[in-house]
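Okay, here's what each chain looks like letter by letter:
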Amino acid sequence: MPWSFIPRLRPQRPRGVAVTVAALLTAATLAPVAVATAAPAVGGGGRSAHAGVTPDGLARLKALAPVMGCAEVAELDLTGVTDAPVDITSATVVSAGTPAPYCEVRGTIAPADTIVVRLPVEGWTQRYVQTGCGGLCGNATINYGQAAGCPVLADGSVASATTDMGHQGQNDGSWAAGNPQAQIDFAYRGVHVTAQTAKAIIRAFYGRRPAYSYFTGCSDGGREGLMEAQRYPDDFDGIAAGAPANNMAVQNTFHHAWNVLANKDEDGRFILLADKLPLVHSAVMARCDRRDGVADGVLDDPRACDFDPAVLRCRPGQDTATCLSTAQVRVVRRLHEGATDSRGRRLEPEISHEWGSELEWTLFVPASQGQTPMSENFALSYLRYLAEPNDPRPDFELEDIEFTVPSFWRTVQSSSYMSALDPDLSAFRRGGGKLLLWHGWNDQHISPQSTLAYYDAVQDTLGARRTASFSRLFLFPGLAHCSDGAGPNTFDVLTPVMAWVESGRAPRSIAASRTADGSTRTRPVFPYPTVARYDGTGSTDEARNFVPVTPRRQPGPGYRWVGERLYSSDYQTWCRAVDGRLVCRPSRTWLTRRGDLAR
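Residues numbered from 1 in each chain as written. Predicted model: local features only at pLDDT ≥ 70, side-chain atom pairs only at ≥ 80, totals over all residues. Heavy atoms only, no water.

Structural notes on the overall build of the protein
Thought 1: When its secondary structure is counted, the protein shows 15 helices and 15 strands.
Thought 2: In terms of C-alpha radius of gyration, the protein reaches 24 Å, essentially the compact-globule figure of 25 Å for 599 residues.
Thought 3: Across the protein, the fraction of contacts at a sequence separation of at least 24, relative to all contacts at a separation of at least 6, is 71%.
Thought 4: For the protein, the accessible surface area stands at approximately 23000 Å², while carbon and sulfur atoms represent 49% of it.
Thought 5: Once the 59 positive and 62 negative side-chain charges of the protein are each reduced to a mean point, those two points are 8 Å apart. (Helix = DSSP H or I, 4+ residues; strand = E, 2+ residues; numbered from the N terminus. Rg over C-alpha atoms; globule rule 2.2 N^0.38 Å. Contact = heavy atoms within 4.5 Å. Areas by Shrake-Rupley, 256 points an atom, 1.4 Å probe, with all protein chains shown as cover. Lys, Arg positive; Asp, Glu negative; His and termini not counted. Charge placed at Lys NZ, Arg CZ, Asp CG, Glu CD.)

Things to note about the pairing of strand β9 (residues 471–476)
Thought 1: Counting buried positions over the six residues of β9 gives six, a clear majority of the element.
Thought 2: Taking every second residue as pointing to the same face, both faces of β9 are buried, with Ser 471, Leu 473 and Leu 475 on one and Arg 472, Phe 474 and Phe 476 on the other. (Buried < 20%, exposed > 50% of the residue type's maximum accessible area, 1.4 Å probe, protein only.)

Comments concerning the confidence of the model for the protein
Thought 1: Scored by pLDDT, the protein has a mean of 92; 91% of the residues are at 70 or more.
Thought 2: Below pLDDT 50 for its whole length, residues 1–20 participates in 58 contacts with residues either more than four positions away or in separate chains.
Thought 3: Residue range residues 22–49 is modelled with pLDDT below 50. Its contacts to residues more than four positions away, or to other chains, number 67 contacts. (pLDDT = per-residue confidence, 0-100.)

Some words on the sheet that holds strand β4 (residues 127–131)
Thought 1: With respect to topology, nine strands assemble into an open sheet ordered β1-β2-β3-β5-β4-β6-β7-β8-β9, the strand pairing being mixed. Unpaired on one side and paired on the other, β1 (86–94) and β9 mark the two borders of the sheet. For this sheet, the mean inter-axis angle between neighbouring strands, taken without regard to orientation, is 15 degrees.
Thought 2: Inspection of the sheet shows β4 paired to strand β5 (residues 159–163) by three bridges, in the parallel sense. (Pairing = 2+ DSSP bridges. Axes fitted to C-alpha atoms, helices over the stretch in contact; angles between N-to-C directions.)

A short note on the side chain of Asp 492
Thought 1: Structurally, Asp 492 is set in the loop between β9 and α14 (494–503).
Thought 2: Put simply, Asp 492 is tucked away with no salt bridge, and the nearest opposite charge, on Arg 505, sits 11 Å away.
Thought 3: Side-chain polar atoms of Asp 492 contact the backbone nitrogen of Leu 494, separated by 2.9 Å.
Thought 4: There is a polar contact of 2.5 Å between the side chain of Asp 492 and the side chain of Thr 495.
Thought 5: Apart from the residues within four sequence positions on either side, Asp 492 is in contact with Gln 146, Ala 147, Ala 148, Gly 149, Cys 150 and Ile 510. (Salt bridge = Lys/Arg side-chain N within 4 Å of Asp/Glu carboxyl O. Polar contact = N/O pair within 3.5 Å; in protein donor to acceptor, adjacent residues only side chain to side chain.)

A closer look at the pattern of salt bridges
Thought 1: Taken as a whole and judged by the stated rule, the model has 22 salt bridges.
Thought 2: For the salt bridge of Arg 303 with Asp 301, the shortest nitrogen-to-oxygen distance reads 2.9 Å. In terms of burial, Arg 303 and Asp 301 fall into one category: buried.
Thought 3: A salt bridge links Arg 345 to Asp 341, with the nearest nitrogen and oxygen atoms 2.7 Å apart.
Thought 4: In this structure, a network of salt bridges that share partners links the residues Asp 83, Asp 113, Asp 185 and Arg 189.

Some thoughts on the state of the cysteines
Thought 1: Under the definition given, this model contains six disulfides.
Thought 2: Sulfur-sulfur distance for the disulfide between Cys 70 and Cys 103 comes to 2.1 Å. Disulfide Cys 70-Cys 103: the torsion about the S-S bond is 75 degrees, which places it as right-handed. Residue Cys 70 is found in the loop between α1 (19–27) and β1, and its partner Cys 103 is found in strand β2 (residues 102–109); the two are separated by 33 residues along the sequence. (Disulfide = S-S within 2.5 Å.)

Quick notes on unusual backbone geometry
Thought 1: In this structure, the amide linkage connecting Ala 110 to the following residue, Pro 111, adopts the cis form with an omega of 5 degrees.
Thought 2: You can see Pro 111 is positioned in the loop between β2 and β3 (113–120).
Thought 3: The omega angle of the peptide bond from Glu 350 to Ile 351 is 15 degrees, so this bond is cis rather than trans.
Thought 4: Mapped onto the elements, Ile 351 comes out in the loop between α7 (326–337) and α8 (374–385).
Thought 5: You will see that Met 165, though not glycine, has its phi angle at about 65 degrees, which is positive.
Thought 6: Position of Met 165 relative to the elements: it lies in the loop between β5 and α3 (180–206).
Thought 7: Its identity is not glycine, yet Ala 243 carries a phi of approximately 35 degrees, on the positive side.

A closer look at the packing of aromatic side chains
Thought 1: Within this structure, the stated rule accounts for 20 aromatic pairs.
Thought 2: Centroid distance Tyr 188 to Trp 574: 5.3 Å. Interplanar angle 75 degrees. Geometry classified as edge-to-face. Taken as a pair, Tyr 188 in helix α3 and Trp 574 in strand β14 (residues 574–578) lie far apart in primary sequence, 386 residues in all.
Thought 3: With relative accessibility at 3%, the residue Trp 574 sits in the buried group.
Thought 4: Cluster of aromatic residues (ring-pair linked, three or more members): Phe 254, Trp 258, Phe 403, Phe 408, Trp 409, Trp 561, Tyr 567 and Trp 590.
Thought 5: Taking the ring centre of Phe 186 as reference, the NZ or CZ of Arg 223 above it sits at 4.7 Å.
Thought 6: Over the face of the ring belonging to Trp 574 we find Arg 231, whose NZ or CZ atom lies 4.6 Å from the ring centre. (Phe/Tyr/Trp six-rings, centres within 6.5 Å; stacked < 30°, edge-to-face > 60°. Lys NZ or Arg CZ within 6 Å of the ring centre and 35° of its normal.)

Looking at the packing of helix α5 (residues 248–261) against α8
Thought 1: Running from N to C, α5 and α8 cross one another at 135 degrees; their axes reach a closest spacing of 8 Å. Between α5 and α8, the angle is such that the two are oblique. In the crossing of α5 with α8, the sense of the turn from one axis to the other is left-handed. Listed contacts from α8 to Met 248, Ala 249, Asn 252, Thr 253, His 256, Ala 257, Asn 259 and Val 260 of α5 are Ser 375, Glu 376, Phe 378, Ala 379, Tyr 382 and Leu 383.
Thought 2: Taken together, the residues that form the contact of α5 with α8 break down as eight nonpolar, five polar and one charged. (Parallel < 35°, antiparallel > 145°, perpendicular 65-115°, else oblique. Left-handed = near helix turned anticlockwise from the far one by under 90°. Nonpolar A, V, L, I, M, F, W, Y, C, P; charged D, E, K, R; others polar.)

Some thoughts on the nonpolar core
Thought 1: If you look at the biggest cluster of nonpolar residues, it comprises 131 residues, and the most contacted ones within it are Val 73, Val 105, Leu 119, Tyr 188, Phe 403, Phe 408 and Trp 409.
Thought 2: When residues in this core are grouped by element, the largest group, 15 residues, is from α3.
Thought 3: For Val 73, the contacting residues outside a window of four places in its chain are Met 68, Ile 88, Ala 91, Cys 103, Val 105, Ile 201 and Phe 205.
Thought 4: Val 129, Cys 482, Phe 491 and Ala 499 belong to the second-largest nonpolar core, a separate cluster that totals 31 residues. (Core = buried A, V, L, I, M, F, W, Y, C linked by side-chain atoms within 4.5 Å.)

Notes on the environment of Cys 305
Thought 1: With respect to the helices and strands, the residue Cys 305 is situated in the loop between α6 (277–288) and α7.
Thought 2: For Cys 305, a relative accessible area of 8% gives the class buried.
Thought 3: Remark: the alpha-carbon pair of Cys 305 and Gly 556, spanning 251 residues in sequence, is separated by 8.7 Å.
Thought 4: Setting aside residues up to four positions removed in sequence, Cys 305 forms contacts with Val 284, Cys 288, Arg 291, Leu 299 and Trp 355.

Topic: the environment of Ala 110
Thought 1: Take Ala 110: it is sitting in the loop between β2 and β3.
Thought 2: In sequence terms Ala 110 and Gly 166 are 56 residues apart; their C-alpha atoms lie 8.7 Å from each other.

Next up, the structure:
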């Protein structure tokens, strides 16, 4: 059976490593440990005991030294570690520009998953952190993302790894043409086999498995984290999933295509250009900024803003630089509300772009005619090469997409293996896993409504109390896609996940900061639906002057839209490459039947 086909929903733990690795483990001296004082690890497999907890909530784990040299890692026999051969191409010590020296291991998991693993050469504190990547991936670069001040990253005491998810470069999506295995690796396999391989290398290098294993990623990295939680719940003890592109097939087709096409006239010219975005933003702030008690250019919950762009419609004789035409008003409203068909049926969750995020709309609103917005590139890369996995369409143009319900179901068939929407995370929860979801309210790439809809589906499936026992959602006011934005945009999501796993300390707030023009603003961000409100004393730039407030009623839309059933447990398939084609099982699901009816 080809290595890409994994027909069980809860895979077994990785098999033992091959003889060479096993021999090294047998020879290693493993010191006895004391009784653990915190909840044991699950996915890490090491379950190493520890004595006490740091002020950050992290377990005080014994620092270990390697039991073999860095260069020896290149000679490891990793046969049987995962479902395909592993080839380690290099293992060298890196000491420049890093908090502590590490052994950098590079290699490939067949057929084409490039991996990078970092192993501290002294003082490893028994933690493993795997990082995700963004976009369509295609490069193996360890990036911890939002982890400012994480102590075990600052001192270089964690082992880490990442993968390019089965292909190199080609961000236009053309890597997927005629390459079903690369599609599978990008969809879900690449991250999983990397975790298996990295843990085996760690065990050989230190003579002990990781005590705790974590995953952190944003954008597609957020999707990767959620895919792990639903398909491979034993891989990681804690996952930080930011701005997840988990509704991948909808996000990279109807959402981004609408961003561009909703702003074009019958002649294909853009109606709204970027010079009008500050005008719209100023009007939004004038209407809604003070509603959260502070005039700071940031909305703590944009759903509470009832801005109507019609207030900017030009009056007779008004300078057009200070107002919007009727057509521009219509575009602003359509960009805010999101994709619909001609009858108003929603083809993505309502709201597509939150009020307050207008300055970030340059992702899809160009500065001048003739420019190609990034949203167009995102949509075409998916529509040409991933929406029809066995039938690439390199000549597909954005105008070829049809905003109809039948077209929707035909287009999103790849959700069955590419999207991470299953709200039943009970296996991950039962194993002790913790999930920290986070998103920026000003995200210009992926609507926070998608994450809200997913979190709501998890609560509906598992119950609010059970969900809160293992998962929290943090929404950062003013934060753009993964970073930047007008609000406090630097923070640490990794330490709270570690503390929750290692000492049971559930995250009650996350401190965020933003430095601009020589001054720093700090704010607390509380688990949804709680928001931070100014207590009326002291500077509004200091987090200590804000308190948690939970509104009695949640503002904003519901989650009624054409594809709402995608947030379910029965859309998912497992795939394999057969004679150059992608074949997925089960072959018949409610999703495939919807697609058949739409043809």
